[in-house]
Amino acid sequence: GINAEYMGAIGSVNLGPGSSGVVPPEIPRLIIFNTENVLWYPKVGVEEGKWKPDPKDESGRTLVNVYAETLTLYEEVMTVMNECHTGEKFKDSHVCIVSQSEFGTDIRECLSFFNLDDKERPTTLNAWMKHKQIQPVPINKHFIRLRAQTGIPYSQMLYFGSDAEDGQAHVNMLTKLGIVCVLVDGMTKWDLDQGLEDFKNREGVES
């Protein structure tokens, strides 16, 4: 059985209206994705790029801007997002974006081109992800703000970051807060399952 004290420690967090407050211990309340090398490649490096779908890509995963630069969503990203959107076990989870980019307007614009597979409630990634922290500040500042916005403790967060550049340094910083981190090279369904497994096996420490 599940330890009653442990359930009591993690079982009630403030998520605002509509939350049951009952936390399955194996599912994070906040699932956070970085953008470049996680959702898409390369990184957004321009301001006011005026993005649009690339007509050369029949898959619908590539955008192009006025500078003829392209941005491509990794192949399994929408599979992952749709699972987080419609999966019963994720019904009390929130999906968020963090990025140290200075081009937040363009990142939001790019997210708005990708639609979740939901005929009853058509929505884009940008509209669905209520919490976005996109600023050129140290990565831990994003999570401090997410915690303040949502009331969700660090111990209930799962973060997927890029294994490129500063990825390991970010992990070192965030694990000190008690956040479970997974580094990826293009988000896949396997990465999601691995992250959930790591989260399930984490140390049950309230933060």
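So, how was this worked out
Residues numbered from 1 in each chain as written. Predicted model: local features only at pLDDT ≥ 70, side-chain atom pairs only at ≥ 80, totals over all residues. Heavy atoms only, no water. Helix = DSSP H or I, 4+ residues; strand = E, 2+ residues; numbered from the N terminus. Buried < 20%, exposed > 50% of the residue type's maximum accessible area, 1.4 Å probe, protein only. Pairing = 2+ DSSP bridges. Phe/Tyr/Trp six-rings, centres within 6.5 Å; stacked < 30°, edge-to-face > 60°. Lys NZ or Arg CZ within 6 Å of the ring centre and 35° of its normal. Salt bridge = Lys/Arg side-chain N within 4 Å of Asp/Glu carboxyl O. Contact = heavy atoms within 4.5 Å. Polar contact = N/O pair within 3.5 Å; in protein donor to acceptor, adjacent residues only side chain to side chain. Axes fitted to C-alpha atoms, helices over the stretch in contact; angles between N-to-C directions.

Asker: Report on unusual backbone geometry, specifying residues and quantitative values.
Answerer: When glycine is set aside, most residues are seen to have a negative phi, and most peptide bonds are trans. Note that the residue after Tyr41, namely Pro42, is joined by a cis bond; omega there is -15 degrees. Looking at the secondary structure, you find Pro42 in the loop between strand S2 (40–41) and strand S3 (52–53). The backbone of Asn37 shows a phi angle near 65 degrees, a positive value even though the residue is not glycine. You can see Asn37 is positioned in the loop between strand S1 (30–33) and S2. A relative accessible area of 22% places Asn37 in the partly exposed class.

Asker: A description of the sheet that holds S3 should follow, citing residues and the corresponding values.
Answerer: What holds strands together in a sheet is hydrogen bonding between their backbones, with the strands either parallel or antiparallel. Within the open sheet, the four strands sit side by side as S2-S5-S4-S3. Their pairing is antiparallel. Pairing within the sheet leaves two strands with one partner each, and these edge strands are S2 and S3. As defined by bridge partners, strand S4 (residues 62–64) adjoins strand S5 (residues 70–73) across three bridges and the pair is classed as antiparallel. Along S5, the bridge assignment pairs Thr62 with Thr72.

Asker: So what's going on with the packing of aromatic side chains? Residues and values would help.
Answerer: Overall, the coordinates contain three aromatic pairs when judged by the stated rule. Note on Tyr41 and Tyr74: the rings are 4.9 Å apart at their centroids and 45 degrees apart in plane angle, and the pair reads as tilted. Note that Tyr41 is positioned in strand S2 and Tyr74 in the loop between S5 and helix H2 (77–86), a separation of 33 residues in sequence. A relative accessible area of 16% places Tyr74 in the buried class. Residues Phe143 and Tyr159 carry aromatic rings whose centres are separated by 5.2 Å and whose planes lie at 85 degrees to one another, so their mutual orientation is edge-to-face. With Phe143 in helix H5 (residues 139–150) and Tyr159 in strand S8 (residues 157–162), this pair connects stretches of sequence that are 16 residues apart. Using a relative accessible area of 1% as the deciding quantity, one classes Tyr159 as buried. Above the ring of Tyr154, the side-chain terminus of Arg147 is found at 5.1 Å from the ring centroid. Positioned over the ring face of Phe199 is Arg202, at 3.7 Å from the centre of the ring.

Asker: Go over the pattern of salt bridges, please, and point to the residues and values.
Answerer: Applying the stated criterion across every chain yields a total of four salt bridges. We note a salt bridge from Glu83 to Lys189, for which the minimum N-O separation is 3.5 Å. Placement of Glu83 in helix H2 and of Lys189 in helix H7 (residues 189–200) is noted, with a sequence separation of 106 residues between them. On the basis of relative accessible area, Lys189 is assigned to the partly exposed category, the value being 25%. With its nearest N and O atoms 3.5 Å apart, the salt bridge here joins Arg121 to Asp118. Overall, Asp118 belongs to the buried group, its relative accessible area being 11%. Within this structure, Glu83, Lys189 and Asp193 form a network of salt bridges that share partners.

Asker: Explain the environment of Glu36 to me, and be specific about the residues and the numbers.
Answerer: As for its placement among the helices and strands, Glu36 is situated in the loop between S1 and S2. Not counting residues within four places of it along the chain, the set of residues in contact with Glu36 comprises Lys43, Ser99 and Ser162. Within polar-contact distance, the side chain of Glu36 engages the side chain of Thr35 at 2.7 Å.

Asker: Any chance you could break down the sheet that holds strand S7 (residues 131–134) for me, citing the residues and the numbers?
Answerer: Reading across the sheet, the five strands line up as S7-S6-S1-S8-S9 and stay open at both edges, with parallel pairing between neighbours. A strand with exactly one partner marks an edge of an open sheet, and here the two such strands are S7 and strand S9 (180–184). This sheet shows a mean twist of 20 degrees between the axes of neighbouring strands, independent of strand direction. When strand S6 (residues 94–99) meets S7, the two strands line up parallel, connected through four bridges.

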